[in-house]
Amino acid sequence: MRKILFIAGLFLVLLGGVFVTSSSASAKSLPKLSTQKIMYASSRLNAQIIAPTSAKLLAVRYNHHTSYYKLKKKTYELNYKFTGYQTFELYGTTSKHQPVTQVKKLTRSAYATNDIINFGEVRTKSDATIAVNTLDSHRTVRIYSGKKLLKSQNTGNGKRASFKLSLAQYKPKLTYTVTAANKKASPAFYIPYLEEPSNLEGIA
(Lines give C-alpha, C1' and ligand atoms only; values in the text may rest on other atoms or scores of the structure.)
Protein backbone atom coordinates (compact mmCIF):
# COMPACT_ATOMS: atom_id res chain seq x y z
CA MET A 1 0.00 0.00 0.00
CA ARG A 2 2.81 2.40 0.92
CA LYS A 3 4.52 1.59 -2.38
CA ILE A 4 1.38 2.52 -4.30
CA LEU A 5 1.03 5.79 -2.39
CA PHE A 6 4.70 6.59 -2.99
CA ILE A 7 4.36 5.98 -6.74
CA ALA A 8 1.19 8.08 -6.90
CA GLY A 9 2.86 10.94 -5.00
CA LEU A 10 5.91 10.80 -7.25
CA PHE A 11 3.68 10.97 -10.32
CA LEU A 12 1.93 14.09 -8.98
CA VAL A 13 5.27 15.77 -8.22
CA LEU A 14 6.57 15.03 -11.71
CA LEU A 15 3.31 16.19 -13.27
CA GLY A 16 3.48 19.43 -11.28
CA GLY A 17 7.01 19.98 -12.55
CA VAL A 18 5.78 19.58 -16.11
CA PHE A 19 3.11 22.25 -15.54
CA VAL A 20 5.62 24.68 -13.99
CA THR A 21 8.12 24.17 -16.82
CA SER A 22 5.38 24.56 -19.43
CA SER A 23 4.07 27.76 -17.79
CA SER A 24 7.59 29.23 -17.61
CA ALA A 25 8.30 28.40 -21.24
CA SER A 26 4.95 29.87 -22.25
CA ALA A 27 5.70 33.16 -20.45
CA LYS A 28 9.07 33.47 -22.21
CA SER A 29 7.41 33.00 -25.60
CA LEU A 30 5.22 36.08 -25.10
CA PRO A 31 6.21 39.33 -26.87
CA LYS A 32 8.14 41.98 -24.96
CA LEU A 33 7.44 45.55 -23.93
CA SER A 34 10.16 48.12 -24.46
CA THR A 35 10.83 51.36 -22.59
CA GLN A 36 12.67 54.54 -23.50
CA LYS A 37 13.04 58.14 -22.32
CA ILE A 38 12.88 57.13 -18.65
CA MET A 39 12.96 60.22 -16.42
CA TYR A 40 11.92 61.31 -12.93
CA ALA A 41 10.33 64.67 -12.12
CA SER A 42 7.85 66.04 -9.56
CA SER A 43 7.59 62.70 -7.73
CA ARG A 44 6.66 60.94 -10.95
CA LEU A 45 8.17 58.31 -13.19
CA ASN A 46 7.94 59.39 -16.82
CA ALA A 47 8.61 56.79 -19.48
CA GLN A 48 7.66 55.98 -23.03
CA ILE A 49 6.25 52.44 -23.24
CA ILE A 50 6.08 50.60 -26.57
CA ALA A 51 3.66 47.66 -26.50
CA PRO A 52 2.61 45.06 -29.08
CA THR A 53 -0.84 45.43 -30.69
CA SER A 54 -2.09 42.39 -28.75
CA ALA A 55 -1.97 44.45 -25.53
CA LYS A 56 -5.14 46.39 -24.77
CA LEU A 57 -4.07 47.59 -21.33
CA LEU A 58 -0.75 48.50 -19.74
CA ALA A 59 -0.35 47.05 -16.26
CA VAL A 60 1.98 48.88 -13.87
CA ARG A 61 2.75 47.04 -10.64
CA TYR A 62 4.57 48.91 -7.87
CA ASN A 63 4.69 48.28 -4.13
CA HIS A 64 2.13 45.43 -4.36
CA HIS A 65 -0.38 47.63 -6.21
CA THR A 66 -1.32 47.26 -9.88
CA SER A 67 -2.78 50.03 -12.04
CA TYR A 68 -4.13 49.55 -15.57
CA TYR A 69 -3.99 52.08 -18.42
CA LYS A 70 -5.83 51.82 -21.72
CA LEU A 71 -3.56 51.50 -24.73
CA LYS A 72 -5.03 53.48 -27.62
CA LYS A 73 -1.78 53.47 -29.58
CA LYS A 74 1.34 51.33 -29.75
CA THR A 75 3.24 53.91 -27.68
CA TYR A 76 2.06 55.01 -24.23
CA GLU A 77 3.43 57.97 -22.25
CA LEU A 78 3.49 56.79 -18.64
CA ASN A 79 3.28 59.40 -15.87
CA TYR A 80 3.19 57.56 -12.55
CA LYS A 81 3.37 59.19 -9.09
CA PHE A 82 5.15 57.13 -6.45
CA THR A 83 7.37 57.12 -3.38
CA GLY A 84 10.26 54.85 -2.41
CA TYR A 85 12.83 52.99 -4.46
CA GLN A 86 11.15 49.71 -5.35
CA THR A 87 11.09 47.85 -8.67
CA PHE A 88 8.40 48.57 -11.26
CA GLU A 89 6.85 45.68 -13.20
CA LEU A 90 5.29 46.60 -16.55
CA TYR A 91 3.35 44.26 -18.83
CA GLY A 92 0.55 44.28 -21.39
CA THR A 93 -2.81 42.59 -20.79
CA THR A 94 -6.13 41.92 -22.46
CA SER A 95 -9.15 44.03 -21.51
CA LYS A 96 -9.81 41.39 -18.82
CA HIS A 97 -6.32 41.76 -17.30
CA GLN A 98 -4.88 38.56 -18.76
CA PRO A 99 -1.11 39.00 -19.43
CA VAL A 100 -0.15 38.99 -23.12
CA THR A 101 3.48 40.17 -22.82
CA GLN A 102 6.52 39.37 -20.75
CA VAL A 103 7.11 41.44 -17.62
CA LYS A 104 9.46 44.40 -18.04
CA LYS A 105 11.20 45.36 -14.79
CA LEU A 106 12.53 48.82 -13.97
CA THR A 107 14.79 48.72 -10.93
CA ARG A 108 15.95 51.72 -8.92
CA SER A 109 18.97 52.12 -11.20
CA ALA A 110 16.61 53.04 -14.07
CA TYR A 111 15.06 56.09 -12.39
CA ALA A 112 17.18 57.08 -9.37
CA THR A 113 20.69 58.39 -8.78
CA ASN A 114 22.94 55.46 -7.92
CA ASP A 115 26.39 56.98 -7.50
CA ILE A 116 29.01 55.25 -5.40
CA ILE A 117 30.00 58.27 -3.36
CA ASN A 118 33.20 59.14 -1.49
CA PHE A 119 32.99 61.75 1.22
CA GLY A 120 35.39 63.50 3.53
CA GLU A 121 34.68 65.19 6.83
CA VAL A 122 36.85 67.49 8.94
CA ARG A 123 35.85 68.98 12.29
CA THR A 124 37.85 71.75 13.91
CA LYS A 125 37.28 73.68 17.11
CA SER A 126 35.19 76.26 15.25
CA ASP A 127 33.43 74.51 12.34
CA ALA A 128 33.09 71.39 10.19
CA THR A 129 33.74 70.83 6.48
CA ILE A 130 32.02 68.09 4.50
CA ALA A 131 33.19 67.24 0.97
CA VAL A 132 31.25 64.88 -1.31
CA ASN A 133 32.87 63.35 -4.41
CA THR A 134 30.31 62.21 -6.98
CA LEU A 135 30.54 59.69 -9.80
CA ASP A 136 29.93 62.26 -12.52
CA SER A 137 29.49 65.99 -13.11
CA HIS A 138 26.35 68.11 -12.76
CA ARG A 139 25.18 66.46 -9.55
CA THR A 140 23.21 68.36 -6.91
CA VAL A 141 24.26 67.55 -3.35
CA ARG A 142 21.96 68.52 -0.48
CA ILE A 143 22.66 68.38 3.26
CA TYR A 144 19.77 67.94 5.69
CA SER A 145 19.27 68.17 9.43
CA GLY A 146 16.27 65.92 9.85
CA LYS A 147 13.87 67.13 7.15
CA LYS A 148 15.33 70.64 7.12
CA LEU A 149 17.54 71.50 4.14
CA LEU A 150 20.74 73.13 5.40
CA LYS A 151 22.73 73.61 2.20
CA SER A 152 22.65 72.68 -1.48
CA GLN A 153 25.35 72.78 -4.14
CA ASN A 154 25.69 71.67 -7.75
CA THR A 155 29.03 70.23 -8.81
CA GLY A 156 28.82 71.90 -12.22
CA ASN A 157 31.45 70.53 -14.58
CA GLY A 158 33.31 69.01 -11.63
CA LYS A 159 32.59 66.01 -9.43
CA ARG A 160 32.86 67.52 -5.96
CA ALA A 161 30.73 69.57 -3.59
CA SER A 162 32.15 71.08 -0.41
CA PHE A 163 30.21 72.54 2.55
CA LYS A 164 31.36 74.44 5.62
CA LEU A 165 29.02 74.19 8.61
CA SER A 166 29.12 76.13 11.86
CA LEU A 167 29.14 74.03 15.02
CA ALA A 168 25.55 75.16 15.57
CA GLN A 169 24.63 73.49 12.27
CA TYR A 170 26.89 70.49 12.72
CA LYS A 171 24.82 68.03 14.72
CA PRO A 172 24.31 64.26 15.01
CA LYS A 173 22.15 62.59 12.34
CA LEU A 174 22.95 64.93 9.47
CA THR A 175 22.32 63.37 6.06
CA TYR A 176 22.99 64.17 2.43
CA THR A 177 21.55 63.15 -0.94
CA VAL A 178 22.91 63.30 -4.48
CA THR A 179 20.73 64.00 -7.52
CA ALA A 180 21.56 63.59 -11.21
CA ALA A 181 19.60 65.42 -13.91
CA ASN A 182 16.19 63.83 -14.62
CA LYS A 183 16.75 61.28 -11.85
CA LYS A 184 15.29 60.78 -8.41
CA ALA A 185 17.60 61.75 -5.55
CA SER A 186 19.66 58.98 -4.02
CA PRO A 187 18.57 57.57 -0.67
CA ALA A 188 19.83 59.67 2.24
CA PHE A 189 23.34 58.89 3.50
CA TYR A 190 24.18 59.57 7.14
CA ILE A 191 27.14 61.77 7.98
CA PRO A 192 29.07 60.34 10.95
CA TYR A 193 29.18 62.81 13.83
CA LEU A 194 32.67 63.66 15.08
CA GLU A 195 32.45 64.62 18.75
CA GLU A 196 35.99 66.03 18.87
CA PRO A 197 38.16 67.83 16.29
CA SER A 198 39.27 65.15 13.81
CA ASN A 199 38.81 64.02 10.22
CA LEU A 200 37.20 61.08 8.44
CA GLU A 201 37.20 59.61 4.94
CA GLY A 202 34.46 57.20 3.91
CA ILE A 203 32.34 55.65 1.18
CA ALA A 204 28.55 55.95 1.20
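Residues numbered from 1 in each chain as written. Predicted model: local features only at pLDDT ≥ 70, side-chain atom pairs only at ≥ 80, totals over all residues. Heavy atoms only, no water.

## Quick word on the confidence of the model for the protein chain
Right, on to step 1. Summing up the model confidence of the protein chain, the mean pLDDT is 89 and the portion of residues at 70 or higher is 86%.
Right, on to step 2. The low-confidence segment residues 2–8 (pLDDT under 50) makes 0 contacts with residues lying over four places distant or belonging to another chain.
Right, on to step 3. This stretch, residues 10–15, has a pLDDT under 50; its non-local contacts, to residues over four places away or in other chains, come to 0 contacts. (pLDDT = per-residue confidence, 0-100. Contact = heavy atoms within 4.5 Å.)

## Quick notes on the packing of aromatic side chains
Any aromatic ring pair is given by two values, namely how distant the centres are and how the planes are angled relative to each other.
Right, on to step 1. Scanning the entire structure with this criterion turns up 12 aromatic pairs.
Right, on to step 2. Aromatic side chains tyrosine 40 and phenylalanine 82 sit 5.7 Å apart centroid to centroid with 80 degrees between the ring planes, which places their arrangement in the edge-to-face category. Residue tyrosine 40 is located in strand β1 (residues 34–41), and its partner phenylalanine 82 is located in the loop between β5 (75–81) and β6 (88–93); the two are separated by 42 residues in the primary sequence.
Right, on to step 3. Overall, tyrosine 40 belongs to the buried group, its relative accessible area being 14%.
Right, on to step 4. The exposure class of phenylalanine 82 is buried, given its relative accessible area of 5%.
Right, on to step 5. Considering the side-chain rings of tyrosine 80 and phenylalanine 88, the 5.5 Å spacing of their centres and the 85 degrees angle between planes classify their relative orientation as edge-to-face.
Right, on to step 6. What makes phenylalanine 88 buried here is its relative accessible area of 0%.
Right, on to step 7. Members of the aromatic cluster, each reached through a chain of ring pairs, are Tyr40, Tyr62, Tyr80, Phe82, Phe88 and Tyr111.
Right, on to step 8. The cationic tip of lysine 184 hangs over the ring face of tyrosine 85; the distance from NZ or CZ to the ring centre is 4.3 Å. (Phe/Tyr/Trp six-rings, centres within 6.5 Å; stacked < 30°, edge-to-face > 60°. Helix = DSSP H or I, 4+ residues; strand = E, 2+ residues; numbered from the N terminus. Buried < 20%, exposed > 50% of the residue type's maximum accessible area, 1.4 Å probe, protein only. Lys NZ or Arg CZ within 6 Å of the ring centre and 35° of its normal.)

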